[in-house]
Amino acid sequence: MSDESLIDAVRAHAARVFPGRRLETLVWDEGGIGQNLPEFAVVRVAPSAGAVPAVIASAPSWIHLTAGASAAPMDDGYGLEFVLLTQAPEKLAIKLLAMVANLHADERYPMSLGQTLEVGHGWLPGASADHLLVALPTAFDPELEWLSDRTRNVRFIWLVPVTRAEAGFAREHGPIALQERLGAAGADVAALVRASVI
């Protein structure tokens, strides 16, 4: 595996975790992403006819996995890649992931579990949520979280779109408390428009 690129490794990981689902490898080459993370891509996993993640209350979702954000491991000895769900194959989801990966590549702004990130606008056009909660990928197969081989140790973390009020609640009460609220309410976190659970 030592000759396998990170993009190929993420794609193979997605194929193992989501067997039988169609995979696409997409790039976003606008902005500074090409300079900061030249090997950056997103592996998009198409929905299946099977089960939907527990936190998602409606239709099956498209799963987007970054490949390249983990190029420089953190002090903990592993690199981070990001997971995002959408209800459709949104091109702007690739842009959002590129923005987060680019921010994370700047040593001044590393992402960490429990953090909330203000997007500055809806996470996608028309969306009611304008923040992202950096969370464990608890709604997915547990095998998704870690990709480890002889040359890399990568952790996938979930970017959950949340409203301003939900982000404030997570900062005050902790991210797990918010995730519990989202789950109890059956919130469809991939929906563009949804009511806040706070």
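Refer to the structure above for everything that follows.
Cut-offs applied
- Residues numbered from 1 in each chain as written.
- Predicted model: local features only at pLDDT ≥ 70, side-chain atom pairs only at ≥ 80, totals over all residues.
- Heavy atoms only, no water.
- Helix = DSSP H or I, 4+ residues; strand = E, 2+ residues; numbered from the N terminus.
- Buried < 20%, exposed > 50% of the residue type's maximum accessible area, 1.4 Å probe, protein only.
- Contact = heavy atoms within 4.5 Å.
- Areas by Shrake-Rupley, 256 points an atom, 1.4 Å probe, with all protein chains shown as cover.
- Lys, Arg positive; Asp, Glu negative; His and termini not counted.
- Charge placed at Lys NZ, Arg CZ, Asp CG, Glu CD.
- Phe/Tyr/Trp six-rings, centres within 6.5 Å; stacked < 30°, edge-to-face > 60°.
- Core = buried A, V, L, I, M, F, W, Y, C linked by side-chain atoms within 4.5 Å.
- Salt bridge = Lys/Arg side-chain N within 4 Å of Asp/Glu carboxyl O.
- Polar contact = N/O pair within 3.5 Å; in protein donor to acceptor, adjacent residues only side chain to side chain.

Caption draft 1: Representation of the overall build of the chain. The helix and strand tally for the chain stands at five helices and eight strands. Scanning the chain from its N terminus toward the C terminus, one meets helices and strands in the order α-β-α-β-β-β-α-β-β-β-β-α-α. In terms of overall dimensions, the chain has C-alpha extents of about 45 × 40 × 30 Å along its principal axes. Expressed as a percentage of its 198 residues, the buried residues of the chain come to 49%. Counting contacts in the chain only where the partners sit at least 6 residues apart, residues at least 24 apart contribute 61% of the total. For the chain, the computed accessible surface area is about 9,300 Å², with 52% contributed by carbon and sulfur atoms. Charged side chains in the chain number 15 positive and 23 negative. The centres of these two groups are separated by 4 Å.

Caption draft 2: Inspection of the packing of aromatic side chains at higher detail. Enumeration over the complete set of coordinates arrives at two aromatic pairs. Where Y78 meets W146, the ring centres are 5.1 Å apart and the plane angle is 80 degrees; that geometry is what we call edge-to-face. Note that Y78 is positioned in the loop between strand 3 (62–67) and strand 4 (79–86) and W146 in strand 7 (residues 146–148), a separation of 68 residues in sequence. On the basis of relative accessible area, Y78 is assigned to the buried category, the value being 14%. Look at W146 and you get partly exposed, because its relative accessible area is 35%. Seen in terms of ring centroids, F140 and W158 are 5.3 Å apart; in terms of plane orientation they differ by 80 degrees. Their pairing is edge-to-face. One end of the pair, F140, is in the loop between strand 6 (131–135) and strand 7; the other, W158, is in strand 8 (residues 153–162), and 18 residues separate them in sequence. Judged on exposure class, the residue F140 and its partner W158 are both buried.

Caption draft 3: Broad picture of the nonpolar core. The biggest cluster of nonpolar side chains holds 36 residues, and the ones touching the most others in it are L65 and F140. At the level of elements, helix 1 (6–17), strand 2 (41–45), strand 3, strand 4, strand 6, strand 8, helix 4 (164–173) and helix 5 (175–185) are the ones that each hand at least two residues to this core. No other element matches the six residues that helix 1 contributes to this core. Ranked by size, the runner-up nonpolar core spans 28 residues in total, among them W28, F40, L80 and L132.

Caption draft 4: Highlighting the pairing of strand 2. Most of strand 2 sits inside the fold, with five of its five residues counted as buried. Neither face of strand 2 is exposed, since A41, V43 and V45 on one face and V42 and R44 on the opposite face are all buried.

Caption draft 5: Layout of the environment of L132. Structurally, L132 can be placed in strand 6. Take L132: its relative accessible area is 0%, and that puts it in the buried class. Spatially, the C-alpha atoms of L132 and S5 are 28 Å apart, while their sequence positions differ by 127 residues. Beyond its immediate sequence surroundings of up to four residues, L132 is in contact with L96, V100, Q115, T116, L117, V119, W123, L159, V160, P161 and V162.

Caption draft 6: Structural context of the pattern of salt bridges. Scanning the model with the defined rule gives eight salt bridges in all. Between E118 and R164 there is a salt bridge, and its shortest N-O distance comes to 3.2 Å. Taken together, the residues span a long stretch of sequence, with E118 in strand 5 (residues 116–118) and R164 in helix 4 at a distance of 46 residues. With relative accessibility at 48%, the residue E118 sits in the partly exposed group. Where D149 meets R152, a salt bridge forms, and the shortest distance between an N and an O atom there is 2.9 Å.

Caption draft 7: Seen up close, the side chain of R194. Structurally, the position occupied by R194 is in the segment after helix 5. A residue is classified by how much of its surface remains accessible, and R194, at 12% relative accessible area, is buried. Within the structure, the side chain of R194 is placed 3.1 Å from the backbone oxygen of P161, a separation counted as a polar contact. Sequence-distant contacts of R194, that is, excluding residues within four places in its chain, are made with S128, P161, V162, T163, E166, L182, A187, D188 and V189.

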